[in-house]
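So you can see what is in the structure, the chains are spelled out below.
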Amino acid sequence: MPMVYLDHSATTPLDPEVLQAMMPYLTEEFGNASSVYGLGQRARQAIDQARDEVAAFYGVAAKEVIFTSGGTEGDNFALQGIAQRNADRGRHVITSTIEHDAVLRSADALERDGFEVTRLGVDRDGLVDPAELGRALRPDTILVSIMHANNEIGTVEPIRELVTVTRERSSAYFHSDAVQSTGKIPTTVTELGVDLLSMSAHKLHGPKGVGCLVVRSGVRLAPQLLGGGHERNRRAGTENVAGIVGLAKAIGIAQRDMAKNTAHLTGLRDRLIEGVLDRIPGAALTGHSVNRLPHHASFLFQGVEGESLLLQLDMDGIAASSGSACTSGSLEPSHVILALGYPRERALGSLRLSVGKGNTDADIDLVLDRLPEMVARLRAMTPISAA
Ligand SMILES: *Cc1c(COP(=O)(O)O)cnc(C)c1O
């Protein structure tokens, strides 16, 4: 039975073109980019070229790109690095209740270190309100961190407006987690207006364990990894040459094919959304109906546990995701769905289907064929009230 992969917001298959670009640096071109001989210098050149390409994609200078180990490191680096280096200016940080755990846990850690954190709520569609951000900004606010697009509900936040409000009211830096949006929708840093932006290669058909943090020049940021002088003394550690080359290649492909991919992805996504809402009573779309990622469909099913649905889908070879997580044996609803204002029981019935460029109409047909009966069967046996 062929697998139907519908979890591209969790990770994506490596593009064969990306693997091809990486191969030399996993084999014969194994040099350390800090070495003076030819082998090392060729690795250095590969990194330099990758940095130029990533910088051009985001509309920034090459020196404003710091390669990292991925989205988690980028988010930690931004929050910790800004807070540590700018505590002399203030100790107040603003973020939202729907951020990725990499941001939320970093904000918790800042609180333990004596910083004050304001977590802005969202409306039923998952949008942060610029006016509410305006009211939360203070003279001692040093950082605002709001994600560009949410991984669980697909909502795209009004970053430009949020940045504008921030600039009007304060001198705080603005960071955005663009892990989900990069390669899917425009993410030019100059257009978004942000000071820092984090991304990860494996969410756009690149390799796992590599990403970058874009940091506009002039931003005061404390390094988190100390050692050699790599990445202009901002992030020590021998460079992941193959990973960095793969990241740049993945970005190049995403940029080249964006119009084509967007048309394909939104077509599949909209068939999924319409089909599910049409065929399954008591199903609701989560996230914004218009301002959402082109590949992202997410739902709540009344009277069903999302986790049970995942197991049923898996038995039919369909890979999907639910926002809930099983921590210490008890099912915990997603903090994102709860933030939308749904009660706990409803929030447990979440399902995320995220399509990719490799998916076909037949994949969507299969889901639309199987899902209604699965939901009906689970409703008949589930302990959650269908009320
Ligand atoms: C996947 C993801 C991350 C974490 O990125 P990794 O490279 O897997 O560490 C951070 N933020 C968002 C929104 C994500 O979807």
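Because the structure is predicted, anything quoted here is derived from the model rather than measured. (Residues numbered from 1 in each chain as written. Predicted model: local features only at pLDDT ≥ 70, side-chain atom pairs only at ≥ 80, totals over all residues. Heavy atoms only, no water.)

Q: Before we move on, could you go through the site of the ligand and cite the residues and values that matter?
A: Around the ligand lies a shell of 13 residues, among which Thr 72, Asp 177, Gln 180, Ser 200 and Lys 203 are the nearest. Within the backbone of Gly 71, one N or O atom sits 2.9 Å away from an oxygen atom of the ligand. At 2.7 Å, a side-chain N or O of Gln 180 approaches an oxygen atom of the ligand. Coverage of the ligand by the protein amounts to 87% of the 380 Å² it exposes when considered alone. (Near = heavy atom within 4 Å. Polar contact = N/O pair within 3.5 Å; in protein donor to acceptor, adjacent residues only side chain to side chain. Areas by Shrake-Rupley, 256 points an atom, 1.4 Å probe, with all protein chains shown as cover.)

Q: Can you lay out the domain arrangement of the protein chain for me, pointing to particular residues and giving the numbers?
A: You can read the domains of the protein chain as domain 1 (4-12 + 258-381) and domain 2 (16-253). Using only C-alpha atoms to locate each centre, domain 1 and domain 2 end up separated by 28 Å. Contacts between the two partners involve 29 residues from domain 1 and, on the opposite side, 32 residues from domain 2. Between domain 1 and domain 2, the buried area comes to about 2500 Å², and carbon and sulfur atoms account for 55% of it. Sorting the residues of domain 1 by area buried against domain 2 places Thr 12, Met 258 and Leu 293 first, and these three jointly supply 23% of that buried surface. Joining domain 1 to domain 2, the criterion identifies 0 salt bridges. Summed over the shared surface of domain 1 and domain 2, the result is 16 residue pairs in polar contact (both at pLDDT 80 or more). Counting residues per element, the ones that place at least two in the side of domain 1 that touches domain 2 are helix H10 (258-279), strand S10 (296-301) and helix H12 (335-339). When grouped by side-chain class, the residues that make up the side of domain 1 that touches domain 2 number 10 nonpolar, 16 polar and 3 charged. (Domains from an automatic or database assignment. Contact = heavy atoms within 4.5 Å. Buried area = accessible area lost by both parts, 1.4 Å probe. Salt bridge = Lys/Arg side-chain N within 4 Å of Asp/Glu carboxyl O. Helix = DSSP H or I, 4+ residues; strand = E, 2+ residues; numbered from the N terminus. Nonpolar A, V, L, I, M, F, W, Y, C, P; charged D, E, K, R; others polar.)

Q: Tell me about the packing of aromatic side chains, and please be specific about residues and values.
A: How two aromatic rings sit relative to each other is given by the distance of their centres and the angle of their planes. A full pass over the atoms with the stated rule returns 2 aromatic pairs. Where Phe 57 meets Tyr 58, the ring centres are 4.9 Å apart and the plane angle is 80°; that geometry is what we call edge-to-face. Judged by relative accessible area, Tyr 58 falls into the buried class, the value being 0%. Sitting above the plane of the Phe 115 ring, Arg 91 keeps its charged end 4.3 Å from the centroid. Here Arg 124 stacks its cationic end above the ring of Tyr 342, 3.9 Å away from the centre of that ring. (Phe/Tyr/Trp six-rings, centres within 6.5 Å; stacked < 30°, edge-to-face > 60°. Buried < 20%, exposed > 50% of the residue type's maximum accessible area, 1.4 Å probe, protein only. Lys NZ or Arg CZ within 6 Å of the ring centre and 35° of its normal.)

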